[in-house]
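# Overview (structure and organization)
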Amino acid sequence: EARIALKTEIQRDMQTHAEATAAEIDRMLFERLQNAVSWSRLEVMQDARIGDVDKRISNFLSELKNSYQDVYTELYVVDRRGMVIASSNPYRSGQPAPRLTHWLDTRVALSHVRLAGIVNQQLPILIEIEDEFSDEPLGTLVTLFDWRQIEAVLSGAVAGRSAAALFDRQNNLLSNTDRWFKTEAAKKLSASAITSGYQGFSGFSWRVTVSQNRSQALTPVRQMAYIFAGMLIATVLLLTLVAVPVASSITRPLVRLTEFANRFMRSSAELNPPTGGPAEVDTMARAFGKMIEDLERSKENLTRAAKLAVVGEMAAALSHEVRTPLGILRSSAQLLLREPGLSEEGREVCGFIISETDRLNKLVTTLIDSARPRAPEFSAT
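Residues numbered from 1 in each chain as written. Predicted model: local features only at pLDDT ≥ 70, side-chain atom pairs only at ≥ 80, totals over all residues. Heavy atoms only, no water.

## A closer look at the overall build of the chain
Per the secondary structure count, the chain includes 7 helices and 10 strands. Looking at the chain as a whole, 32% of its 381 residues are labelled buried. The contacts in the chain between residues at least 6 apart in sequence include a share of 56% that link residues at least 24 apart. With an accessible surface of roughly 24100 Å², the chain has 57% of that area assigned to carbon and sulfur atoms. (Helix = DSSP H or I, 4+ residues; strand = E, 2+ residues; numbered from the N terminus. Buried < 20%, exposed > 50% of the residue type's maximum accessible area, 1.4 Å probe, protein only. Contact = heavy atoms within 4.5 Å. Areas by Shrake-Rupley, 256 points an atom, 1.4 Å probe, with all protein chains shown as cover.)

This is how it looks when you write it as structure tokens:
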């Protein structure tokens, strides 16, 4: 989705650049053609009738070339015989005019203007100088437009591995940047715009094409993918660095608690489980310690119950072994009390025997009752 969105945006931007470049080329060519038409109608051009003997035309053309700096490489006037009678280049005057190949015709401000073929990075623009006193032209004004101005416009429309080219209406290449992709197999994105004239100028219907290497155009998408992959790797590493200490802080207390449980199963000498670690693990350790306390309390209760059981058994045995002789002693003392010849001291001794046997019998009964389990008694508090 990012690639499709970026491709659409790039093509829209390239289309804008192509349209702006085509408009700039139209403007530049229109100004050059209009200059030629305006200069051909000046009064100074009428000196071509006398062969520019006073050098007025030559001086005028030199001033024009200097004022326009790098726009024109040369301006000169050719008479009907094909001789250069005036030129911005003094060495050209009096020489035969260069042979120019006719290329295109156009009209600017109701004037017929001709273009010759591009030679040595120069575009010759030709327009006849009209004679004010006759219908025959006095000669031809030739302005050599520096074609590198067009190449500069094309170069300004591209950057990096982009390219721009100018084609005529027959699809012939007129100019291109040094980075123009000449191979059909080169994968590229391109956009075109047709020159459509400028302020009454019909134009040449030339086509400006701006292209950009697809791999370079989609570089931001790849960079975004690399950044995403880098962020993913960094996130994994960060999570690993964070997870290892966290896992250790959780597993270490669990390992200590497990080891304590194993030792406790083998020997109950250690009663306090290890604490520390996360809150959940610490809570589990405390619960484990509470369980150990409950086990110890249950163990004590079982021991006490076992002791009480032994006491009960001993009490039952003692009661049987003690009550029998006590009963015999009591019965014997009661028989002695029935004897009529028993003295007062004897009766007193027998009374002592009976009372003491009763006391001992009560003690045995109390011992048996203390060892016997009782039902709990509930009361409100």
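## Describing helix α2 (residues 56-68)
Taking 1.5 Å per residue, 13 residues should reach 18 Å; α2 reaches 18 Å between its end C-alpha atoms and fits that length. Every buried residue of α2 is listed here: I57, S58, F60, L61 and L64. Seen end-on, α2 carries its buried residues on one side only, within an arc spanning 165 degrees. Among the exposed residues of α2, those pointing more than 90 degrees away from its buried face are E63 and N66. (Expected span 1.5 Å × (residues − 1). Arc of directions from axis to C-beta.)

## Description of the packing of helix α1 (residues 2-40) against α2
Taken N-terminus to C-terminus, the directions of α1 and α2 make an angle of 155 degrees; their axes are 13 Å apart at the nearest point. If you check the angle between α1 and α2, you find them roughly antiparallel. Every pair of crossing elements has a handedness; the one defined by α1 and α2 is right-handed. Of the residues in α2, those in contact with R32, N35 and W39 of α1 are F60, L64 and Y68. Here the residues of the contact of α1 with α2 are counted per class, giving 4 nonpolar, 1 polar and 1 charged. (Axes fitted to C-alpha atoms, helices over the stretch in contact; angles between N-to-C directions. Parallel < 35°, antiparallel > 145°, perpendicular 65-115°, else oblique. Left-handed = near helix turned anticlockwise from the far one by under 90°. Nonpolar A, V, L, I, M, F, W, Y, C, P; charged D, E, K, R; others polar.)

## Quick look at the packing of aromatic side chains
Within the structure shown, the criterion is met by 6 aromatic pairs. With 6.2 Å between their ring centres and 70 degrees between their planes, W147 and W206 make a pair best called edge-to-face. With a gap of 59 residues between them, W147 in the loop between β6 (137-146) and α3 (148-156) and W206 in the loop between β9 (188-194) and β10 (207-213) connect regions that are remote in the sequence. A relative accessible area of 1% means that W147 is categorised as buried. For W206, a relative accessible area of 1% translates into the label buried. A cation over a ring is seen here: R92 above Y76, with NZ or CZ 5.5 Å from the ring centre. (Phe/Tyr/Trp six-rings, centres within 6.5 Å; stacked < 30°, edge-to-face > 60°. Lys NZ or Arg CZ within 6 Å of the ring centre and 35° of its normal.)

## A closer look at the pairing of strand β3 (residues 102-108)
The sheet contact formed by β3 and strand β4 (residues 111-116) spans 6 bridges and is antiparallel. Bridge pairing in β4 links V108 to S111. Hairpin remark: β3 followed by β4, antiparallel, with 2 residues in the connecting loop; positive phi at A109, about 50 degrees. (Pairing = 2+ DSSP bridges.)

## Observations regarding unusual backbone geometry
A positive phi angle, close to 55 degrees, is found at Q69, a residue other than glycine. The topology assignment puts Q69 in the loop between α2 and β1 (72-79). The exposed category is assigned to Q69, whose relative accessible area is 57%. Positive phi, close to 55 degrees, is recorded for N120, a residue that is not glycine. Relative to the helices and strands, N120 is located in the loop between β4 and β5 (122-130). Residue N120 is classed as exposed on the basis of its relative accessible area, which comes to 68%.

## Remarks on the environment of Q11
Position of Q11 among the secondary structure elements: in helix α1. Taking relative accessible area as the criterion, Q11 reaches 32% and is therefore assigned partly exposed. Considering only alpha carbons, one finds Q11 and S211, 200 residues apart in sequence, at a separation of 9.1 Å.

## Details of the pairing of strand β2 (residues 84-87)
Inspection of the sheet shows β1 paired to β2 by 3 bridges, in the antiparallel sense. Within the sheet, the bridge partner assigned to Y76 lies in β2 and is S87. Linking two consecutive strands that pair antiparallel, namely β1 and β2, is a turn of 4 residues; a positive phi of about 85 degrees is found at G82 within it.

## Describing a nonpolar patch on the surface
Taken together, the side chains of L238, V242, V246, I250, L254 and M284 make up a nonpolar region of the molecular surface, amounting to roughly 480 Å² of accessible area. For the nonpolar patch, the element with the highest residue contribution is helix α5 (residues 219-266), accounting for 5 residues. For I250, a relative accessible area of 35% gives the class partly exposed. (Patch = residues over 30% accessible without salt bridge, like charges linked within 9 Å, V, L, I, M, F, W, Y side chains within 5 Å. Salt bridge = Lys/Arg side-chain N within 4 Å of Asp/Glu carboxyl O.)

## Description of α3
Along α3, the residues classified as buried are I150, V153 and L154. Down the axis, α3 shows its buried residues gathered within 100 degrees of arc, on one side only. Looking at the buried residues of α3, the elements they touch are α1, β6, β7 (162-167), β8 (173-176) and β10.

## Side note on the packing of α1 against α3
At a closest axis distance of 10 Å, the pairing of α1 and α3 adopts a crossing angle of 160 degrees. The angle between α1 and α3 falls in the class roughly antiparallel. In this structure, α1 meets α3 at a crossing whose hand is right-handed. Here T21, E24, I25 and M28 of α1 lie close against α3, whose contacting residues are Q149, I150, V153 and L154. Of the residues belonging to the contact of α1 with α3, the class tally is 5 nonpolar, 2 polar and 1 charged.

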